[in-house]
Amino acid sequence: MVEFVQCYIVFAQKLIDANIESLHLLAKSGLPALIENYSNLSWYQSNIQKIIRDFVLQQNIVKTCSGDFIKIGQAKFPNIELYNNADFYSLVSRLLPTKVPVEESILYWEEVIAQETEHWLEEITIDEEGLLKIMQDNIDINSELSFDWLKDLYKYLDLNKLNSLGEEYPIYLNEANQFCLRDDLTIHPIIDNEFKFVSKGLGRCLDEEFLNRKLGQVSAIKAFDLSEFYNHLNKDLISDLKVESATTEQIKAVFHVCCLFRSDKAYRREKWFAIINQLLPGFAPERKMVSVDYENYWRSAEFWSIKYICHLIETSQKPTNFTTKYFEGHTDSCFTWLNDLLSFIFSLNDDNREVILKRSIIPTQSDEFRPYEDYVFAENDPKYFDDSIKNIYRDYTGKGEPRRFIVDNRINFDGLKSKEVEVLTKEIDKLFNDQNIEIKVKKGGTHNEMFLQLNNWFEQFSNANAYLPTFSTKRATLYVLALGEGFSKQIMDIQNSGKSIEDITELAKIQLSPQEMKLFENAAKELGTDKLLAKAKEMLEAKEQIERWKTIGKAAETAFKKALELVEPTFEILNPDIGKDFVIKANGKEYAIEIKSVEALKGNVNMSLLQGKTAVIERDCYALSVLTRPEGEQQVDAEYYIKTSKFVPDIGYQIGDTIDNWYLGLKNLDTQAELKVALEEKTESLYISRNIWKNEISFDQFMVLLNKYFSIND
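Every value quoted in this text rests on a predicted model; they were computed, and no experiment measured them. (Residues numbered from 1 in each chain as written. Predicted model: local features only at pLDDT ≥ 70, side-chain atom pairs only at ≥ 80, totals over all residues. Heavy atoms only, no water.)

A. Here's a closer look at the overall build of the protein. Scanning the protein from terminus to terminus reveals 30 helices and 19 strands. Within the span of the protein, comprising 714 residues, buried residues form 42% of the whole. Considering only contacts within the protein whose residues lie at least 6 apart along the sequence, 67% involve residues at least 24 apart. If you sum the accessible surface of the protein, you get close to 40600 Å²; carbon and sulfur atoms cover 50% of it. (Helix = DSSP H or I, 4+ residues; strand = E, 2+ residues; numbered from the N terminus. Buried < 20%, exposed > 50% of the residue type's maximum accessible area, 1.4 Å probe, protein only. Contact = heavy atoms within 4.5 Å. Areas by Shrake-Rupley, 256 points an atom, 1.4 Å probe, with all protein chains shown as cover.)

Structure representation (structure tokens):
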């Protein structure tokens, strides 16, 4: 037998070296049949079986599914109980193609391995648990084939009632491509990726909880509860998050919810997005449309973001600091934004508004942010709250700086509490109940300067006595004391003049020297006040007429430029103002225009004799333009001029020899006789009747005439 074994090994080696087919047939090395008839079993095992088996173990006689030959110790054989299980073989062979024998040899190998299994190398067989143990180290999750394999595995476990193994071994692939235990995963629900982003930023990565979507529905995996998730998101992840300790990722996540919209009809949320986008564009860069079935998914995030922005304001402490940090020093932009923010906060429900307004977010006139407490208010009619009244309150009442509790006047929105100046003046007025007030107010006293400033404030307002009743009663007496003895005679003169202090105050505002006022007084005595005022009125009307002509002239010039620029780019408009207002030059020719204005429904238009003479001399290139002045406050501009002006292009022909005949008549009156009629300070005018100009041509028609005159279109 020993010699046979040696020959067998030599023979088997030659077969192996020849690469013949079915080398696995050499592997059978079990004990012979009827082993009980052998007298010395241990000798046979040691001298025959072990030698053959050791030889076999050293040879590459296992042909694998990948086509390579490997040693038995390198191979994986399905467990004896599973050797006839085609589904299990499929799983093992696809996972370990370089270790599992080819299918046509598997049954034979099962017979080989079944012979005295305890004498083979350990771990050459594999069962379901063994497969699950080595699965992660042998699967390529970047391959689509691996997902098919996993689907088959989960199906196999389910059919064979082995799903419980998923509670011991992490075999279920999540969306983050990590293997997890069964109870740690749920089926991926229909959820917008934006909420997965939010949840991850807040510390809960949903991709680690969801079964990989490529695996489809797996019966062993439970469903995900979306309602529970949104509740958890709003209550635990957002509402319980402290704004003071939130990380950048958490802040971004919360603000991201404020950017998510499921409808274009969300005005209030749009307004809040605009507010946070302007202040923190890095946290709220753009709106995004999402699909979500959960109502008010945004509410907790909105309220949290309000608290966070209030935290930023409180941290800044001062509006100037806040403006510098977030608005690059642009104060107007900052206060426009603050108005929008505070208006939005005031629109919150009572409970939320009360919580937010306890924070220091109201800008006051002392450049501080203050809580919206009962004593914080805005000025009702700011003209009463000038610096003098605030300074008096600060310096004399002992109540502190009022600007610390008066809202900055640049803050103005509906709902903001306001108070009248009485809140300050009632404390100031109490000062004048002091028995020693006369001593304090007199010149050199502690309250002298304060009294004079308060008196100036008092004189600005006709109803000031309602705010300072005690002061008003004592004012006259205290005023004399405040000015000192040197002013007594002047005060008596004022009293005897019949003029009140208010009258004297108004006279003091006149910007004339005493000498100039004296000259006006003398002129009034000589001419009479009415005549002097009438002359002044006449001069003012003349000034207004000049200004009106400038406006009309500018409008006409603009109108002509606008109309001519499209047809003649080389035209020129001159303003000679000698018998004509405008001269239009083009193509070497000139055309003159004289503009007159008239009140609505009035008749005559006056031309000077020089203008009339010029019209006659230049009769073929001279037109009269008549503009009806607008009623009310309407301005004369180019559009109005084009719409309402009338043109008389033959005015020179219509005047004819009228002026020459008039001069001839004057000449006949001016004789050398001892007795004659003389005209002093003659102001000749040429009256143009309404009948002449009212039915004449329009601006557009006149432009046609100009085109033809200049042959612009030739």
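More follows now that the structure is in view.
B. Local environment of the sheet that holds strand S15 (residues 589–598). Strand order in this open sheet of five strands is S13-S14-S15-S17-S18, and the pairing throughout is mixed. Edge positions in the open sheet fall to strand S13 (572–574) and strand S18 (646–648), since each of these has one partner strand only. Sheet twist, expressed as the mean angle between neighbouring strand axes with direction ignored, is 25°. Across seven bridges, S15 lies against strand S17 (residues 622–628) in parallel orientation. Among the inter-strand pairings, Glu594 is bridged to a residue of S17, identified as Leu624. (Pairing = 2+ DSSP bridges. Axes fitted to C-alpha atoms, helices over the stretch in contact; angles between N-to-C directions.)

C. Local environment of the environment of Arg404. Mapping Arg404 onto the fold places it in the loop between helix H15 (387–396) and strand S12 (418–419). Distance from Arg404 to Arg370, taken between C-alpha atoms, is 8.0 Å for residues 34 residues apart in sequence. Dropping the residues within four chain positions of it, Arg404 is found in contact with Thr364, Ser366, Glu368 and Arg370.

D. Quick look at the side chain of Lys307. Secondary-structure assignment places Lys307 in helix H11 (residues 299–316). Look at Lys307: it is buried, it has no salt bridge, and the nearest opposite charge is Asp240 at 8.0 Å. Excluding its chain neighbours within four sequence positions, the residues that come into contact with Lys307 are Ser239, Val243, Ile356 and Arg359. (Lys, Arg positive; Asp, Glu negative; His and termini not counted. Salt bridge = Lys/Arg side-chain N within 4 Å of Asp/Glu carboxyl O.)

E. Seen up close, the pairing of strand S14 (residues 582–586). Taking burial as the measure, the five residues of S14 include four buried ones, the bulk of the element. Looking at chain direction, S14 and S15 are connected through five bridges and run antiparallel. The residue bridging Val583 from the neighbouring strand is Ala592, located in S15. Taken together, S14 and the strand that follows it, S15, pair antiparallel across an intervening segment of two residues, in which Asn587 is found at a positive phi of about 55°.

F. Geometry of helix H5 (residues 128–138). Among the residues making up H5, those that are buried are Glu128, Gly130, Leu131, Leu132 and Met135. Looking at the buried residues of H5, the elements they touch are helix H3 (86–95), strand S4 (125–126), helix H6 (144–159) and strand S6 (179–180). Sitting at the amino-terminal end of H5 is Asp127, which places a side-chain oxygen 3.4 Å from the backbone nitrogen of Glu129. (Polar contact = N/O pair within 3.5 Å; in protein donor to acceptor, adjacent residues only side chain to side chain.)

G. Spatial organisation of the packing of aromatic side chains. Using the criterion set out here, one finds 37 aromatic pairs in the structure. Consider the rings of Phe210 and Phe224, whose centres lie 4.9 Å apart with planes at 90°: the pair is edge-to-face. In this pair, Phe210 is assigned in the loop between helix H7 (193–201) and helix H8 (226–239) and Phe224 in the loop between H7 and H8, connecting sequence segments 14 residues apart. Each member of the pair Phe210 and Phe224 is classed as buried. When the ring centre of Phe261 is taken as reference, the NZ or CZ atom of Arg287 above it lies at 4.5 Å. (Phe/Tyr/Trp six-rings, centres within 6.5 Å; stacked < 30°, edge-to-face > 60°. Lys NZ or Arg CZ within 6 Å of the ring centre and 35° of its normal.)

H. Examining unusual backbone geometry more closely. One non-glycine residue with positive phi stands out, namely Asp381, at about 70°. In this structure, Asp381 sits in the loop between strand S11 (378–379) and H15. Notably, Asn587 is not glycine yet its phi reads approximately 55°, a positive angle. Note on placement: Asn587 falls in the loop between S14 and S15.

I. Structural detail: a nonpolar patch on the surface. Where nonpolar side chains cluster on the molecular surface, the patch consists of Ile80, Tyr83 and Leu107 and spans about 250 Å² of accessible area. Among the structural elements, Tyr83 can be located in the loop between strand S3 (77–78) and H3. Among the residues examined, Tyr83 registers a relative accessible area of 37% and is labelled partly exposed. (Patch = residues over 30% accessible without salt bridge, like charges linked within 9 Å, V, L, I, M, F, W, Y side chains within 5 Å.)

J. Representation of the environment of Leu706 in the model. Tracing the backbone shows Leu706 in helix H30 (residues 699–710). Along the sequence, Leu706 and Cys621 sit 85 residues apart, while their C-alpha atoms lie 9.3 Å from each other.

K. Spotlight on the pattern of salt bridges. Summed over all chains, the structure comprises 28 salt bridges. The shortest N-O distance in the salt bridge between Lys440 and Asp434 comes to 2.5 Å. The class of Asp434 is partly exposed, set by a relative accessible area of 25%. Its salt-bridge partner being Lys596, residue Glu594 comes within 3.5 Å of it at the nearest N-O pair. No difference in accessibility class separates Glu594 from Lys596, as the two residues are buried. Connected through shared salt-bridge partners, Asp387, Arg394, Asp395, Glu401 and Arg403 make up one network.

L. Layout of a negative patch on the surface. Taken together, Glu81, Asp127, Glu129 and Glu168 make up a surface patch of like negative charges. As for its position among the elements, Glu81 is in the loop between S3 and H3. (Charge placed at Lys NZ, Arg CZ, Asp CG, Glu CD.)

M. Spatial organisation of the packing of H3 against H5. Contact geometry for H3 and H5: axes closest at 11 Å, N-to-C directions at 25°. Our classification of the angle between H3 and H5 gives roughly parallel. The element H3 and its partner H5 pack so that their crossing is left-handed. Contacts between H3 and H5 involve Phe88, Leu91, Val92 and Leu95 from the first element and Glu128, Leu131, Met135 and Asn138 from the second. Taken together, the residues of the contact of H3 with H5 break down into six nonpolar, one polar and one charged. (Parallel < 35°, antiparallel > 145°, perpendicular 65-115°, else oblique. Left-handed = near helix turned anticlockwise from the far one by under 90°. Nonpolar A, V, L, I, M, F, W, Y, C, P; charged D, E, K, R; others polar.)

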